[in-house]
Structure formats: C-alpha cells, structure tokens
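# Notes for the structure review
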Amino acid sequence: MATEHPAERGGTGRDLFAAFSERASNVTSSPLFSALCVLLVLGMVAIHLAHLPLPWLIFAGDVTAAVNLLLLALLTNTERRDAHAVQRKLDAIAAAMLEQREGASHTAADELRRAIRMEEKQ
C-alpha cells in the first residue's frame, strides 16, 4: 500500500490504478451510470415493498454499500489528483510571475509549461 500522493509517486506515465480511476471517473459521470444508480435504488425499494425474505434485503443492502464504497474511493482518488494538479499549476504561475517581476531566469516559465498538462501525465 502506497502512502505517497498519487502525483508524487514518480515514474514515467501513469500506473494501472490511475488509468483505471480515470476511466471509471468518466463512466461514473455519464448519464447511463446515473440511470443505473436510479435502477439500483428502485430495485432496493421494490425488494422492500415486495416483503422478500431477509437474505434478499441483506444482499440488496450489501450491494448498495459495496457500490457506495467503491465510488467513495474513486472520488477521493480523483479529488486528490485534481487538487495536486491545481496546486502545482498555481505554484508554477506564482514562480513565473515572481521571475518576471525580478527579471530572473526563465526556469519558472518552463515549469509552468510542464504544469499546464500535468494531470494528463499522471
């Protein structure tokens, strides 16, 4: 289990979890997935209204809890990567502005160019 921020793990390119997380984030933000969630909730309601046996109620609750946990993990991962990318960009902008004001070297401008698309490289 890695304790470093996903953006700070180093290496070239993205790891398998980051790629999976990006694809899953795209799927979960689609209207089709929203419709699937509505169907899941309607299924839960139908199971309760049909007065099915307790094992069916427990199974429906377990499925809903599992989906909820997976979506929470996905949301947290996506949020952390996005927040880190925004912070890197803000740092690069601040450094470039400081260099421009002081007339120093142009290394901050180069870092700003790299930071513009950094979330796609992680």
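Residues numbered from 1 in each chain as written. Predicted model: local features only at pLDDT ≥ 70, side-chain atom pairs only at ≥ 80, totals over all residues. Heavy atoms only, no water.

## Quick notes on the layout of surface pockets
Under the convention used in this document: With a 1 Å grid laid over protein atoms only, a set of points is called a cavity when a 1.4 Å probe fits there but cannot get out and a pocket when it is open yet has protein on both sides within 12 Å along at least five of seven lines; lining residues have an atom within 4 Å of a point. Grid points are joined across faces, edges and corners, and a volume is the space filled by probe spheres set on the points. Counting from the N terminus, the helices are DSSP H or I runs at least four residues long and the strands are E runs at least two residues long. Side-chain classes are defined by residue name, with Ala, Val, Leu, Ile, Met, Phe, Trp, Tyr, Cys and Pro counting as nonpolar, Asp, Glu, Lys and Arg as charged, and the others, Gly among them, as polar.
Considering only enclosed or pocket space, the second largest pocket measures out at about 190 Å³ in volume. Lining the second largest pocket, in full, are Phe17, Phe20, Ala24, Thr28, Phe33, Val67, Leu70, Leu71, Ala73 and Leu74. Contributing elements (two or more residues each) for the lining of the second largest pocket: helix H1 (16-28) and helix H3 (54-102). Broken down by element, the lining of the second largest pocket gets its largest block of residues, five residues, from H3. In terms of residue class, the lining of the second largest pocket is built from nine nonpolar, one polar and no charged.

## A short note on the pattern of salt bridges
When their charged atoms lie close together, side chains carrying opposite charge are able to pair. Rule in force here: Any Lys or Arg side-chain nitrogen located within 4 Å of an Asp or Glu carboxyl oxygen qualifies as a salt bridge.
Scanning the model with the defined rule gives one salt bridge in all. For Glu22, the salt bridge identified is with Arg81, shortest N-O distance 3.3 Å. Of the two residues, Glu22 is situated in helix H1 and Arg81 in helix H3; the sequence distance between them amounts to 59 residues.

## Re a nonpolar patch on the surface
Put simply, the rule reads: To count toward a patch, a residue needs a relative accessible area above 30% and no salt bridge. Like charges then connect within 9 Å, nonpolar side chains (Val, Leu, Ile, Met, Phe, Trp, Tyr) within 5 Å. Surface accessibility in these figures is a Shrake-Rupley result with a 1.4 Å probe; residues are shielded only by whichever protein chains are displayed.
On the surface, a cluster of nonpolar side chains totalling about 380 Å² of accessible area is made up of Val86, Leu90, Ile93 and Met97. With respect to the helices and strands, the residue Leu90 is situated in helix H3.

## Quick notes on the packing of H1 against H3
Spelled out, the test is: What counts as an axis is a line fitted to C-alpha atoms, over the stretch in contact for a helix, and the angles between N-to-C directions run from 0 to 180 degrees. For classification, angles of less than 35 degrees are called roughly parallel, those exceeding 145 degrees roughly antiparallel, those between 65 and 115 degrees roughly perpendicular, and all remaining angles oblique. Any two residues whose heavy atoms approach within 4.5 Å at even a single point are treated as in contact.
Axis separation between H1 and H3 bottoms out at 10 Å; the angle between their running directions is 110 degrees. When the interaxial angle is binned, H1 and H3 end up roughly perpendicular. Residues Phe17, Ser21, Glu22, Ala24, Ser25 and Thr28 of H1 form the contact with H3, whose own contacting residues are Leu71, Leu74, Asn77, Thr78 and Arg81. Its residues assigned to classes, the contact of H1 with H3 comprises four nonpolar, five polar and two charged.

## Quick notes on the packing of helix H2 (residues 31-49) against H3
Here is the rule we go by: Take the far helix as your reference; a near helix turned counterclockwise from it by less than a right angle gives a left-handed crossing, and one turned clockwise gives a right-handed crossing.
Two elements in contact, H2 and H3, have axes separated by 9 Å at closest approach and are oriented at 155 degrees. With respect to each other, H2 and H3 are oriented roughly antiparallel. Handedness of the crossing formed by H2 with H3: left-handed. Seen from H2, the contacting residues are Phe33, Leu40, Met44, Ile47 and His48; seen from H3, they are Trp56, Leu57, Ala60, Gly61, Val63, Thr64, Val67 and Leu71.

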